[in-house]
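# Residue-level structural notes
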Amino acid sequence: MGPMKLEQALHAARALVLADLAAGEVARADIVSLVEDAIAHRRWWVEQWPEGVAYVAGLVAQDVQDALLERYGRWPLCPVCTQGGDLHALDVEPELGPDPHWVCGKTAVAVAPVGSLGTTL
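Residues numbered from 1 in each chain as written. Predicted model: local features only at pLDDT ≥ 70, side-chain atom pairs only at ≥ 80, totals over all residues. Heavy atoms only, no water.

### Examining the packing of helix 2 (residues 29-48) against helix 3 (residues 56-71)
One can describe the packing of helix 2 onto helix 3 by two numbers: an axis separation of 9 Å at closest approach and a directional angle of 135°. Taken together, the axis directions place helix 2 and helix 3 in an arrangement best described as oblique. Along this stretch, helix 2 crosses helix 3, giving a crossing that reads as right-handed. Residue-level inspection shows Ile31, Leu34, Val35, Ala38, Ile39, His41, Arg42, Trp45 and Val46 of helix 2 in contact with helix 3, the latter providing Val56, Leu59, Val60, Asp63, Val64, Ala67, Leu68 and Arg71. In the contact of helix 2 with helix 3, the residues fall into 13 nonpolar, one polar and three charged. (Axes fitted to C-alpha atoms, helices over the stretch in contact; angles between N-to-C directions. Helix = DSSP H or I, 4+ residues; strand = E, 2+ residues; numbered from the N terminus. Parallel < 35°, antiparallel > 145°, perpendicular 65-115°, else oblique. Left-handed = near helix turned anticlockwise from the far one by under 90°. Contact = heavy atoms within 4.5 Å. Nonpolar A, V, L, I, M, F, W, Y, C, P; charged D, E, K, R; others polar.)

### Description of the side chain of Asp63
Inspection of the secondary structure assignment puts Asp63 in helix 3. Setting aside residues up to four positions removed in sequence, Asp63 forms contacts with Ala38, His41 and Arg42.

### Examining the environment of Val64
Relative to the assigned elements, Val64 resides in helix 3. Owing to a relative accessible area of 0%, Val64 belongs among the buried residues under this scheme. Residues within four places of Val64 in sequence aside, it is in contact with Val17, Leu21, Leu34, Val35 and Ala38. (Buried < 20%, exposed > 50% of the residue type's maximum accessible area, 1.4 Å probe, protein only.)

### Notes on the state of the cysteines
Tallied over the entire structure, the rule returns zero disulfides. Its sulfur unpaired, Cys78 is 3.6 Å from the next cysteine sulfur, which belongs to Cys104. (Disulfide = S-S within 2.5 Å.)

Nothing here speaks to function; it is geometry throughout.
Next comes the structure, spelled out in structure tokens:
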């Protein structure tokens, strides 16, 4: 894989995750730094396994979600399960595959593709 394809995939992943963060109104500077950390980590990962380039967007979304959980709490909150105060985060599915979506793990409802939370939140 050439460096141009790698950079395009990383830029696309960054844009998708930033769009979802902006949709949830959590795209603050300190959180954007978490995205940059995830991009740096995944750059190394794809350099080691070039065939994984199609999975970068979902992996970056998961990396940012994990970092946010450790520092700030659950993100993105599920818009499907709003009754009864059962706040939980959406999951990225497939965990390792192309075309990642935000999915409610309790109802198996696909909420939005990664990068498109603005259409549902």
